[in-house]
Amino acid sequence: MSVTVHEAQARYDCIVIGGGHNGLVCAATLARGGRSVLVLEAGAQVGGAALTREFAAGFRVSAGAHLLHLMPAELLRELKLESHGLEWAARGMPTTALVPGQPTLSLSGGAGGERLSPADEAAYAAYQARMQRFAAALVPVFSRVPPRLGTTGWADRLALLRTALQIRRLGRRDMRELLRIGGMNVYDLLEENFESPALKGALGLDAVLGANFGPRSPGTVLTLLYRLVAESAAGPSGLSQPRGGMGALCNALAMAAGAAGATIRTGVPVAQIRVDNDRACGVLLESGESIDAGSVISSADPKTTFLRLLGPRHLDAGFVRRVNHIRSRGLAAKLHLALNHAPPFSAVSEASLRGRLLMAPSLRHIENAYNHAKYGEYSAAPVMEITVPTMNDPALAPRGQHVLSAIVQYAPYALKEGWQSGRQRFMDVAIDTLEAAAPGLRACIIGAELLTPADIEQEFRISGGHWHHGELAFDQFLMVRPVPGAAQYRTPVGGLFLCGAGCHPGGGVMGIAGRNAAQAVLAGDVKSP
Amino acid sequence: MKHPADLDAIIVGAGHNGLVAACYLARAGLKVLVLERQPYIGGAAVSRRLYQDFTYSNCSYVCSLLRPEIIRTLELPKYGLQVIPYEGGCTMMQGGGHLALYDNHDALRREIARHSKRDAEAYDRYSRDVMRQCKFIKPLLMREPPDPTSFKPRDLMELLYLGKRFHGLGEARMYDTLRFWTMSAADFLDEYFESEIVKAHFAGSSIIGTALGPRSPGTAYVLLHHYMGDIDDTVGAWGFARGGMGAISKALGASFEASGGTIRSAAPVAQILVRRGRASGVALQDGEEIHAPLVISNLDVRRTFLETMDAKDLPDEFLGQVKNFKIRGSSGKLNIALDGLPRFPAIPAGSPCTRGDMHVTDTIEMMERAYDDWKDGRWSRAPYIDMLIPSQIDPTMAPDGKHYMSVFIQYCPYELADGPWNAAKRQAFGDTVINTIAQHSPNFKDLILHAEIRTPWDIENEVGLTEGNIFQGELTMDQLLFNRPIPGYAQYRAPVRGVYMCGSSTHPGGGVMGAPGANAARAVLRDLGRAH
């Protein structure tokens, strides 16, 4: 890729730490707002956890997120990503549930699939319509800076009132239902609606992917709604796969930021956020180079930002304690397989193989998989979200060969036996699970990689290896995300902002946090209380 | 049997909430009849003699949450209620050793320091924070939850009241409150303590009666139950009722009768009668009909609407919601007659520790694993138990030199994965519990004279609580406040005019608190234009 590199400058209006998608969206938005912007990325290429890299000779994969479905269409348009080189290998990809030994179940297009009972078929249509209404009503909550509570400012009060009205506008019946299910667990919600274990398993998996929860954990309807709200904001294109993998998205974002005047430097890890007179005034690189800035905006996770880059001495003890208590231990592992052949999933049509495959035969199965993780063990029968990106984008592998990319749960960050020995064993468990649905798969494998949360922490510099930079749960959501006092993208240190997945609304390749943060910076660099 | 002519109200079920509602209505001058299925009153707040001269608090076993304003207004002490405070408590550790519990903050702080100095300091912070939440929630217990979808002045005023109260906390506390009400007990305790035993001790109260584990979000707020009594400055808000829990029901019954009310026991109600869209009375199982314009049900909502009313009298959507109301059996109970006081080697002789509730679960992981068993449809192999020997404090409970032990068990499922409950399974469940205790008390088994083993199935059959759920419905966010029991019907009024709910299925929920009964009575009186 080529990125416009402007001449080095000694001082910028804004320095953005981290060239992940949120950092780049933030930088592009700031540059478009007329600020001089420098993006500092520690890795050799931009992308953060949305990058494409080789994992076996000749095989490339989206090493973090592998599907794009949460980024608002409006943002893609605003940054003109398609004119900056973003192409699609696939859009509107289907979702199919796999249950070994049973026919597959299609979840796309409201079709329901041939295996559903008439009762489930009807319930599924009604459920989808209702959840989409809820999601649409909540979209504005995501796209705004969360209001503070208890202030006398009218802006905050108005924001709260607006949210209340938005929900009120759903009508009495829907509003009551939303207020009821909002705090529920996804297990109960799905049990209320459906009969088919396979359908419930597949729908339940979306609620717990990337979360430290099982389907019976209260708060999993929230995580499900989170996904649906973002998808609603993203528009109708559905699950998408950028040509060249997720890295291509970030390259386009970098081009957009560059075109707007931002400077991007890669391979420059930041050692420290410099503070002068209680204000962030720039950064110190690991190389010893020092760069000044009017504002520093960090897309790193809150723990890294506050505890490592800034240092607790600039913060009060209560705030540091809160940051320490952010729950950010990941449980999702990423499996990459290099295959000499298309994966032999039985009874999966080619069209399904081009989409997303879910392996979560029932809610109980997911819950049991989660049980292990609570005690520091990996799941004996893991659940997965699988894609075969080479079906849509053959260039990711040598001719005729394939890549399988799967999110595998649950793999606790702090595995009791340690990932040193656990990694290979869990990879075997995961491959065995796949083999059950795709007999003969093992024989096709010519290269494999498993990224545990510990590996994700290392490779992507995310403390805890959690893809949301902090659990998505009521106590870490909205005006308390990541912690009170830093939930409006501002921090207790003047001139220092957050713009990563740790902020409202959260992670996933969405970019809303980056854009909201940029707007907060543009609105005025004031100190949060 | 004769009834007072022109009854004003019939109360179905003489549980504590039914009796509290009855008392308030009778005191307001209504002619009230309480109908009870069993030959004795009290529901789950009963004292029974099932073995020789031992008195068992068969179901509920601790007087902790009964609202002091109810005790005062209904003059319960005058009618014989006497609550004796706990003198201690403890959690025993697996490898020996224990954490003693004292009512006195400083004494408990010193005890915690024995396990961790840091935790002792954190304890100050912890009790201050939890107490603050207690003070916030307390006034809400005795109020009718507003309907957030309504534009009626009353609902708007009530929402405004809640908003103002919340706002009054100040910004930082508002965030704390949001978090406290949504976190898991395990996460919340992790923010304060490092010692496993300290965390395990506090976490215990968060799982009692619920189908959730300590790591389930939404369990933290239950931690405040331990503090609920303290803030009223009422000695004995957390203690033993002299004569067992039946003493509460007895006092309520006496107070009710003194106000002119009538109680009829052994009179099971078969159906709530509806005529021309409003309540007209009840039909008993033997066919007798008793008429009154108001029927107030102390039964849980599932029982009230699915079993005691005719489906054609109720809206379909409402019935669907009632079917979705979550009432899950998760607790068991053992009542044991002992030939003497069991020895617990982990506790120093003469320690007041045994004169309160005793536990043997010393890590949160053990509790969570106990919960996993429940999810899989079996009773916990290493259950969380809350064990008390009330006869040490209240000699009326057992003959001289002998003792009564109450053991509450979490978790025990209503439906077992391997088929229905039977006598052999009940015994096996009891043995699991007895063996768990025996691991900490070498002479315990030899002292057992009689044991009453109660599974959720037994509790359902005897007390009438669906699935044996002690709270008449899970206390999760989707079933609290304006969602309890059914969104849109959280104000004690059923969809049929003249039918009300007053059991723990309604706000604020279970525990021998009496607030649902008092709130329901207030709603009835307001509808009659007799609100004070």
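Residues numbered from 1 in each chain as written. Chains lettered and ligands numbered in written order. Predicted model: local features only at pLDDT ≥ 70, side-chain atom pairs only at ≥ 80, totals over all residues.

Moving on to the overall build of chain A. Along the backbone of chain A there are 17 helices and 18 strands. Taken over the C-alpha trace, chain A has a radius of gyration of 22 Å; the compact-globule value for 529 residues is 24 Å, and the two agree within 12%. In terms of its C-alpha atoms, chain A occupies a principal-axis envelope of roughly 65 × 60 × 45 Å. Burial status across chain A gives 60% buried among its 529 residues. Counting only contacts in chain A whose residues sit at least 6 apart along the sequence, the fraction spanning at least 24 positions is 75%. (Helix = DSSP H or I, 4+ residues; strand = E, 2+ residues; numbered from the N terminus. Rg over C-alpha atoms; globule rule 2.2 N^0.38 Å. Buried ≥ 20, exposed ≤ 12 C-beta atoms within 10 Å, placed from the backbone. Contact = placed C-beta atoms within 7 Å.)

This part is about the interface of chain A and chain B. Contacts between the two partners involve 30 residues from chain A, matched on the other side by 30 residues from chain B. Those elements that place two or more of their residues in the side of chain A that touches chain B are α5 (172-181), α6 (186-193) and α13 (363-374) of chain A.

Bringing the environment of A:Val37 into the picture now. All names here are of chain A. Relative to the helices and strands, valine 37 resides in strand β2 (residues 37-41). For valine 37, a count of 31 C-beta atoms within 10 Å gives the class buried. On a C-alpha basis, the gap between valine 37 and isoleucine 15 in space is 5.7 Å, while along the polypeptide they are 22 residues apart. Among all residues touching valine 37, those that are not within four sequence positions of it are Tyr12, Asp13, Cys14, Val16, Ala27, Leu30, Ala31, Ala262 and Thr263.

A few words now on helix α6 (residues 171-180) of chain B. What α6(B) keeps buried is the set B:Met174, B:Tyr175, B:Arg179 and B:Phe180. For α6(B), the secondary structure elements touched by its buried residues are α4 (117-141), α5 (153-168) and α7 (185-190) of chain B.

Moving on, we come to α4(B). Residues and elements named next belong to chain B. With 25 residues, α4 extends 36 Å from end C-alpha to end C-alpha; this agrees with the ideal 36 Å at 1.5 Å per step. Along α4, the largest kink reaches about 25 degrees and is centred on tyrosine 123. Taken together, the buried positions of α4 are occupied by Asp119, Tyr123, Tyr126, Val130, Gln133, Cys134 and Phe136. (Expected span 1.5 Å × (residues − 1). Bend = angle between axes of the 7 residues up to and from the residue.)

Residues and elements named next belong to chain B. Neither face of strand β4 (residues 54-57) is left uncovered, since the one carrying Phe54 and Tyr56 and the one carrying Thr55 and Ser57 both have all their residues buried. As defined by bridge partners, strand β3 (residues 47-51) adjoins β4 across 3 bridges and the pair is classed as antiparallel. Considered in β4, the bridge of serine 47 is made with serine 57. Taking the residues between adjacent antiparallel strands as the criterion, β3 and β4 are bridged by 2 residues, where glutamine 52 takes a positive phi near 40 degrees. (Pairing = 2+ DSSP bridges.)

The side chains of a regular strand alternate, first on one face of the sheet and then on the other. Residues and elements named next belong to chain A. Most of strand β16 (residues 402-409) sits out of view: 8 of its 8 residues are buried. On β16, burial covers both faces: His402, Leu404, Ala406 and Val408 on one face and Val403, Ser405, Ile407 and Gln409 on the other are all buried. Relative to β16, strand β13 (residues 332-339) runs antiparallel, the two sharing 8 bridges. Note on β16: the bridge partner recorded for alanine 332 is glutamine 409. Both strand β15 (residues 383-387) and β16 contribute to a ladder of 5 bridges, which runs antiparallel. If you follow glutamate 385 over to β16, its bridge partner there is isoleucine 407.

Here we take up the confidence of the model for chain A. Chain-level statistics for chain A give a pLDDT mean of 94 and a share of 96% at 70 or above. When the criterion is pLDDT under 50, residues 1-6 of chain A qualifies, and its contacts beyond four places in sequence or with other chains add up to 9 contacts. (pLDDT = per-residue confidence, 0-100.)

All names here are of chain B. Read from one edge of the open sheet, 5 strands run β9-β2-β1-β13-β19, paired in parallel fashion. Both edges of this open sheet fall to β9 (262-264) and β19 (499-501), since each of them pairs with a single strand only. For this sheet, the mean inter-axis angle between neighbouring strands, taken without regard to orientation, is 20 degrees. Bridge count for strand β13 (residues 294-297) against β19 is 3 bridges, and the pairing is parallel. Opposite isoleucine 296, over in β19, you have tyrosine 500 as the bridge partner. Sitting on the sheet, helix α1 (residues 16-27) is in contact with β1 (9-12), β2 (32-35) and β13, with an inclination near 170 degrees to β2. (Axes fitted to C-alpha atoms, helices over the stretch in contact; angles between N-to-C directions.)

Below, the discussion takes up the packing of α1(B) against helix α17 (residues 515-527) of chain B. Residues and elements named next belong to chain B. Interaxial distance between α1 and α17 falls to 7 Å at its minimum, and their mutual angle equals 40 degrees. Between α1 and α17, the crossing angle belongs to the class labelled oblique. In this structure, α1 meets α17 at a crossing whose hand is right-handed. Side by side, α1 and α17 meet where Asn17, Gly18, Val20, Ala21, Tyr24 and Leu25 of the first sit next to Pro516, Gly517, Ala518, Ala520, Ala521 and Val524 of the second. Among the residues making up the contact of α1 with α17, the classes are represented as 9 nonpolar, 3 polar and no charged. (Parallel < 35°, antiparallel > 145°, perpendicular 65-115°, else oblique. Left-handed = near helix turned anticlockwise from the far one by under 90°. Nonpolar A, V, L, I, M, F, W, Y, C, P; charged D, E, K, R; others polar.)

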